[in-house]
Every structure is written in C-alpha cells, then in structure tokens.
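Coordinate inspection notes
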Amino acid sequence: MPAYRPTITIKIASSAILLILITFTGLSILVPYQLENAFKEHSLNLEELARQQFSRLQQSNISFLSSKFNLEMSRAAREVSALAREPDFLSALDSGSYLSTSLVLRDHKLRSTIDAMIVFDSEGQILGTSKEFISPAEVATQLGAFGFFEELAQIIRRNSTNEFLEYFGLVANDRVGSLLPGIPEGALSEMIIAPILDADKNLLAIIVAQRWFRFHQELLMDLKDVANVDAVLIHNGKIVADTRGGSLNNEALQYPEQATGKLTRIGDYFVLCEKRSFDLNFCTMKTFAELQRFQERLRAIADASAAKTTKRVLGLGVIVIVFTIFAAVTFARNIAKPLKDVTRVIAAVAEGDYGRDIKATQRSDEVGDIARAAAKMQRAVEERDSLRLSLHTKNVQLSTQERQLAQQNVLFETALDNMLQGLCIFDSQRRLLRANKSFACMFAAQNAEPYLGLEWEAVASQLAINTTKTHQGQKISLSQLWRTAQETQAVLTLANGRTIEMSVVPMESGMWLSTFEDTTERKRASDHLAYLATHDNLTRLPNRLLMHRHLTTQMQKLKETNDAFGIVWLDLDEFKTINDSLGHAFGDRLLCHVADTLRANIGEGELVARLGGDEFAIVTSAPISREFLEAKAKRILNAINSPCVLQGHEVIVSASIGVVLVDKPQDRVGRLLRFADLALYKAKESGRNTLRFFEESMEANIRSRQELSTDLHHAIAKGEMWVAYQPQIDLKTAQIVGFEALLRWDSPKHGRVSPADFIPLAEDTGAIVDIGLWVLTQACEQAAKWPANLTIAVNLSAKQIQSPELIGNVDRILAQTGLPTNRLELEITETSLLQDNENNCRTIKKLRKRGILVALDDFGTGYSSLSILTRFRVDKIKIDRSFVGAMLTDDDSRFIVEAIIKLALTMSIRVIAEGVENEQTKQALWTAGCVEAQGYYFSKPVSADKALELLKDPYAR
C-alpha cells in the first residue's frame, strides 16, 4: 500500500494553520504587551499634561492678582493726577495758604482711597498735608529721617521736570516712614507722585500720596475660595501676605530665585512664582497630593482602556483565526497578505496611529469582513479618543469661563463697594434691592442691609431726609423723584445739615438706578469763594462787584417805583502820607476803623462797600431827599473826624465826600459811579474834609480836563512849551549865583496855562516823566552856555525819582551837553521822598556820588520834614514861600524860618528862600542868616535870552 502524501492544499492549509497558530500565540503575547506599553506612554503624557495644566491655572491666578494690583495702583495714580488739576486745589495752591491747601487735601482724602498726601513746592518746602493738626515744620521733622523723602527733596531742589513724570510704586516703610496711624509693622506703602506744572512745563509743586499696601489677607482668601489655590506675595525676599494665615515665613518657603517662572516642587507643594510689578513676586501653591490624585485617576482610566482594548483585540483574534482556518483550506493563497495588512493596522491603532487604510474592506469574503471589522475598530478607537479629547477641552473651557466669571464678580463687587458715590438699585415698585458701602456711610449707617426690601419713602424716612429740592431751589416731594422714563435730579437735605445730590435714572428692565453724592463741603467752599469774590478781605465790607450789583437792583426799583436813592462816595485825606509814615500795618488798622465807623452809620437796606485803597461808598435805600443825603454825609464826616487811638497813636483823619442824588433812571451803573467820582474830585479840589453834590457842570469840567490832557501830550512836539529861568541871588554880594528852570505852556487853544493846572495833570497821566526829561535837557544845554560859576536848578517829580532810568538819563544828558555835575542841582519835594523811600534813598546817594547837588524843595510843608533829613542827605534846603511871605506879619512863620535856617547851618546844609517880594523880607532873611534867595523882588522867570542879558547887566533886573 503506497504511503500517504498530503496534497499541496493540505500543505498550504497545514502551513497556514501552523502559521496562524504561531501568529495567534504571538499576538496573544505581543499585542497585549504593545498595547500596555502604548497606554503607559500615553499615561505619562497625561501626567505631563496635568503638570502643564496646573502651571497654566496658577499662571492665570498670578495674572489676575497682578492685574488687580496694577488696576488699583493706576486708579489711585489717576485720582492723584486728577486732584492736581482740580480748580479748588489750584486756587488753594495759588493762595500760598498752608491751611487752605491742607483742607483741600483732607477733603480729597475723605473721598478717596488715599491715606495721606503731602504737597511740596519747587524748593522742597511743604505747602500742605492731609494729616490734621500738624504744622509744616512737624511734617518735615517726621519725614526728614527717611531716605525716600530725602531723595525726593534733592530731586525737587534740582527743579528738573524730566524727573517728575507721574510715578507710582511700592516702598518699604523703613524708607518712607508714615503719616498713617495704625499701619502694621513691616507693611508696604504705595507711593504716588504727580507733578504740577505751569503752562511752560516748569515745575510748580509736587503731590506725594501714600497709602497702605491694599493686598491684604482677605483678598488672597477670596482668591483661594474661588480658585482653590494658596497664594503668597513676596517683596524683596519677604513674604508680605499668604493664605495660610501667617504659617509660612521666608525660611519655610525657601523658593529659589532662579526657579522664577517655573512650576517647582517645594516640600508638599508645587509652587509657581512670577515677578510682576514693583518687585513683587506673586506665588501660587498646589499640594503634591492633589496632583498625585489627579494622576492616579488618569492611570486608572488608561489601565481600564488598555484591558478593554486587549479583550477586544483577543476576541477579534479568535474570530480572525476561525475564519482564517476556514479560508486557508479553500483560499490559502488569498488570505496571508490581507491578514498581514490588517495586523499592521491593528498594531498602528494600538500605538495611536489612525491614519492607515485597510485595503481589503471591499472584498465580500471573510477577509473583507475582517478588514471591515478592523476598520470599524479603528474608527471606534479614533472616535473614542476624539470624544475624550473634546470632553477634556470643553471641561477646560468651562473651568476657564467659570473662573473668569468669578473674577468678574469679584471685580464688580470691589468696584461697587469702592465707588466714591453712593449707588442703589430699586425694583419697579421702588423697593431697595442693592446698595453699596458709600451709600451707607453717606447716611451715617453701618450697612445697607436693614433698608433692603423697603420702599424709597420708608428708606428716606429712616435716613432722616428733611427736604427735597431741585437744583433751582424748588421744593418737591419724595415721590416726585420717580417719573416714568425720565431722569430726575434733586438735592436732599439731611437732619444733620448735610446736603446730598441724588440722581434717579429709569432702566429698560423697569428697575431704577440711583446715585448719591455728598456735596456739603463743596457747597461750603463754593459759598466761601462767592463771599471772597464779593467782599473785601481786609474790612469784610462788600467790594466793588457787590456794590455794582446792588446799584443795578436800586436802579431797577427806581424805574418801577420812581423813588430816589443816594450814593455817598468817600476818600480819606492824606491817607498815603499816613500809610507811608506809620507803616502799612497801621494803615490797615485805620481802614478797618473807618469801615467800622461807616457800618455804625448806615440804616436798614443801605450798603457800605470798600472800593479799593482808601475809597468807600454808601448806597442809601429809597425813598430819599437831598436834605437827608446832606445830613447823612455830614454825620459821616463828623464820625470819621473823631479822634481815635490805634496802636498807641492818637489819630485824627479827615475825608472828602462826593454825593449823588439818583432821582432819574440811568442807562448804566458806570455813569452813576462817574458822577460820584466827579463830585468827590470837586470835594478834594475845595480843600478836602468837605462834601460836594454832583452838578451837571462837573461833566463839562471833566471833559475840559480830558481835552487839556490830550493837548498836553502833544505840547512839546508842537513847540508850545518853553523853559523860563528865575535867578537865584547871593544876599551878601547881590550877584546871581544860579537859575531855577521853570516850565511854561503857551497853548493856542487854552492860552497861557498855569503850571498849577497842567503839572498835576501831567503827574496823574504819567506824562511828567517825558516832560521832565525834556526840561532837564533844555536847562542843561542852556546852562552849559553860561559862566562856570552858575548852577541850574531843575525840579524832579516823584515819578521821575522812582524811574529806574533816571540815573542813566541824567548821565546821558550831562555827557551830551558837557555840563559839569557840580553845576546841576536837582530839587525834590518831601512828599516825593516819602514814596518808596528805600529806592529813593539809593537814587539820591547815586546822584550825590556823581557830584550832582540835591535840594529839598518846599521844606516844612510836609509831615516828616525833620525825619527826612535823618534818612536822606541833601545839599540845600529851599524854604517854602508860604513861610517866607508871612514872615513880616506872622510871628510863627518867622520863628519857623529862623529855626529852619539855624537847623540847616548846624547840619552844614545850604539854605535858599523862595517867594521874596520886597526889601523888608530880604532884610529879615539876611538878618536870620539866610544867604541865598529868589523871588519877584529880584526878577520874574524870564526867557533864556533875557537870562543872558541879566548875566551881562545884573542891574537890568
């Protein structure tokens, strides 16, 4: 019997079965092993992903803390910069008052989060501080020991605007100290510096604001409650706040500086620190155990997925083996390669590669089924991983949105409670739903909770609101504040006297939003500024502005009722002389005394005002008559003339009064004031200490004066003025020793104008400076042509002496004319010397130092003749003609002349008498010891040509 030989199909089938068995055995061992390795590697990747997620969460928490800090500091810096531009603050700063500046700072501190403020000027001096009851010296003493303010003072003294860009930052308290009570030891200070510049960008002052570092424990604990993370703030290596309740310290944390920005394990924590604004390290902490729990959950998911996948693969392997054995018997040649492809795809799926295609899925046999099953498994695993990734991504997004929402809620609540204005939200029934802290503080309540749910009228009743008014002052009821679809504003008055501005705004939802602002201090400041704008600071009387308003009201009443009223315009006589001789402080006391006197002499409805200087005005009430006005003005004159004792001096002062009876409507208040001024001017012309009523002719006189003033400005250019010369005689030799230059004006329109008329006019208009310079030039040119032994005397006005160009002009004229300095004699009156006597003293010294002679004119007619001789050294005294002319008939005048001559001889000062009209007066002067004289007895003032003739023939005079 022949031996059995298997067919080739059997061999192939046997080989296939053996190969399948070997493959199955390999797959049973290799596939689970490969899948396990793949899932372990994926698990490790998930652990790294968890660490990265931890790091990103902690970075977002750090960013939130840093943003909150920057937001808070920026808001405070804007608040300080806004203060530097507030009109109230700039007005207080311009006033130079330490108290006013400090009051503005304290008021701003009450309305802000700033704890202390100081203002320095450009020299480093303290202008004001927000701390109560402390002087600039005490503030400087407290801050002088700290480095920050020493450096700041040095920068201020360098006066560099480039170094005063707006600055804010954190500084340790041991460098700045503190003006704040109760700050914890070691706390940081937020320092905010804002410059105040003028229009040219020059430094005027600097505001330095200080407040306690606001990142306290409560804020960090809120963050921990929201984000479930511990937080630590580190400044210059020191922990300044943490959520562990102070259980951490610098040694316990031991965070390496080089690890900043990295997630680092320290003890039982994973710590992430980042250095943000102002040398602050913001650190967040998660426990290592929490990360381990998260990783263990990931591993458990990975292991379960691996086991499930292994079972599926093994199940599919069994199915593949069954179908492969069946197919190997029938279709051995068509099975090996497709199965190999399927195996490779399965291995790729196990490794997480889902991009390979299975080519046999189009076949209708078992190999096609296996291929399609493998493809389905591939899609299922891919969809599972995609779904897992999608779920993870959505979880991360939801977590981020939840955290952002929590942060926004924290920011909203923080902003609401830190608003300077009170804010309330009412429902459609006007019941209170929400109120911030400022609202409760504004109405002296501990919090707003007791009022929640109450209607507005009940809330207003419990808050002791007395009245409600509009901004126009009209009283309205509480219910009228709530008008449908219309914003309403009103002013609330509380029982304690404070005023609150309230705004009610309807919202689309039917609810109402109300804001409240305490305007008590602002209204007080506004009222005070209004008072200062309408009252005189010295006497507290109404000023010109308030009087102008009162006159406008009186004129309107005159039009309606035809009842006359009066204006009494008053000016003190010789007040400037008193002020200059006894001092400005004494003059101020005298003005206050006059103000009190006028107050005591006005009736109900009348107004007394100070118009400036020593001018006062009284506006009487209507109806009134001329007789009443005259009696009232005389009573005021008598009251002012009454002697009074001020600062140990008995003072008797007089006044000139102009009176206007206003019985006809006028178009302008200014016209009435002009009438009063004209009447006052006429009273002064009449000898002072008198009163004059306004007459219609006064307007014509003032127009004539204005016309004369206009012509005076052009008189020199038109050649209408000329210089006359009156000889000065030596009484011993009867020879001419000099001339006095006297100005004359021959006007084609006005004729020969008296110097008594145009010289005072030139003084008032300021033309005297140019005229005096022209006279000095003409006199020096003429004197240079005369013999060398003759002097020329020229009068100087007060304005010329005060001019800083006088010395230069005199030097220039003497150089141009060639006249020696010792031949020029400048005559100065006593009254001109009393004005700005320090400057005048320096001017006279400079003139005499050049060799120019200085004579004191009209000696004896002023208030301080003798005192002038002690302060001003002169070369000659000219005795006034009023004393010389009365020597022969009045013993007192003769005694005064003799005393002046003896005084001058004792002080080695030359004496000349003016106004000599006869031989008897000349002899009396010679007997008294006077050497020089001038007057009509010797010669009238003559022209330059006539003066030359007098020199050639002395007896021609």
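Residues numbered from 1 in each chain as written. Predicted model: local features only at pLDDT ≥ 70, side-chain atom pairs only at ≥ 80, totals over all residues. Heavy atoms only, no water.

With that settled, consider the overall build of the protein chain. Helix and strand counts for the protein chain come out as 31 helices and 32 strands. Within the protein chain, the proportion of its 957 residues that are buried is 44%. Partitioning the contacts of the protein chain with sequence separation of at least 6, the portion at a separation of at least 24 is 61%. Approximately 49,600 Å² of the protein chain is accessible, and the part contributed by carbon and sulfur atoms is 53%. (Helix = DSSP H or I, 4+ residues; strand = E, 2+ residues; numbered from the N terminus. Buried < 20%, exposed > 50% of the residue type's maximum accessible area, 1.4 Å probe, protein only. Contact = heavy atoms within 4.5 Å. Areas by Shrake-Rupley, 256 points an atom, 1.4 Å probe, with all protein chains shown as cover.)

Quick look at the sheet that holds strand β8 (residues 263–266) now. Spatial ordering of the open sheet is given by β7-β6-β10-β9-β8, a layout of five strands whose pairing is antiparallel. Looking at strand neighbours, the two that pair on one side only are β7 (238–242) and β8, the edges of this open sheet. Averaged over neighbouring strand pairs, the angle between their axes works out to 30° when direction is ignored. Here strand β6 (residues 230–235) pairs with strand β10 (residues 280–287) via six bridges, running antiparallel. Pairing of valine 232 across the sheet is with cysteine 283, part of β10. (Pairing = 2+ DSSP bridges. Axes fitted to C-alpha atoms, helices over the stretch in contact; angles between N-to-C directions.)

Within strand β28 (residues 824–829), five of the six residues are buried, leaving the element largely enclosed by the surrounding structure. By the bridge criterion, five bridges tie strand β27 (residues 791–796) to β28 in an arrangement that is parallel. What sits directly across from valine 794, in β28, is leucine 826. The pairing of β28 with strand β29 (residues 853–859) spans five bridges and is parallel. For leucine 826, the partnering residue across the bridge sits in β29 and is valine 854.

Within this structure, the stated rule accounts for ten aromatic pairs. Taking 4.1 Å as the distance between ring centres and 15° as the angle between the ring planes, the aromatic pair formed by phenylalanine 675 and phenylalanine 694 counts as stacked. On the criterion of sequence distance, the pair formed by phenylalanine 675 in helix α19 (residues 669–685) and phenylalanine 694 in the loop between β23 (691–693) and α20 (697–715) is long-range, its members being 19 residues apart. In this pair, the class of phenylalanine 675 matches that of phenylalanine 694, namely buried. Ring geometry for phenylalanine 739 and tryptophan 786: centres 4.6 Å apart, planes at 45°, overall tilted. One end of the pair, phenylalanine 739, is in strand β25 (residues 735–747); the other, tryptophan 786, is in the loop between α22 (768–783) and β27, and 47 residues separate them in sequence. Look at phenylalanine 739 and you get buried, because its relative accessible area is 0%. Site record: aromatic cluster; members linked through ring pairs are Phe426, Phe439, Phe443, Trp456 and Phe516. One cation-aromatic arrangement involves arginine 626 over phenylalanine 693; the distance from NZ or CZ to the ring centre is 4.0 Å. (Phe/Tyr/Trp six-rings, centres within 6.5 Å; stacked < 30°, edge-to-face > 60°. Lys NZ or Arg CZ within 6 Å of the ring centre and 35° of its normal.)

With antiparallel pairing, the six strands of this open sheet are ordered in space as β12-β11-β16-β15-β14-β13. Unpaired on one side and paired on the other, β12 (432–435) and β13 (465–469) mark the two borders of the sheet. Averaged over all adjacent pairs, the angle separating strand axes in this sheet is 25°, with direction ignored. With three bridges joining them, strand β11 (residues 422–426) and β12 adopt antiparallel strand pairing. Pairing of phenylalanine 426 across the sheet is with leucine 432, part of β12.

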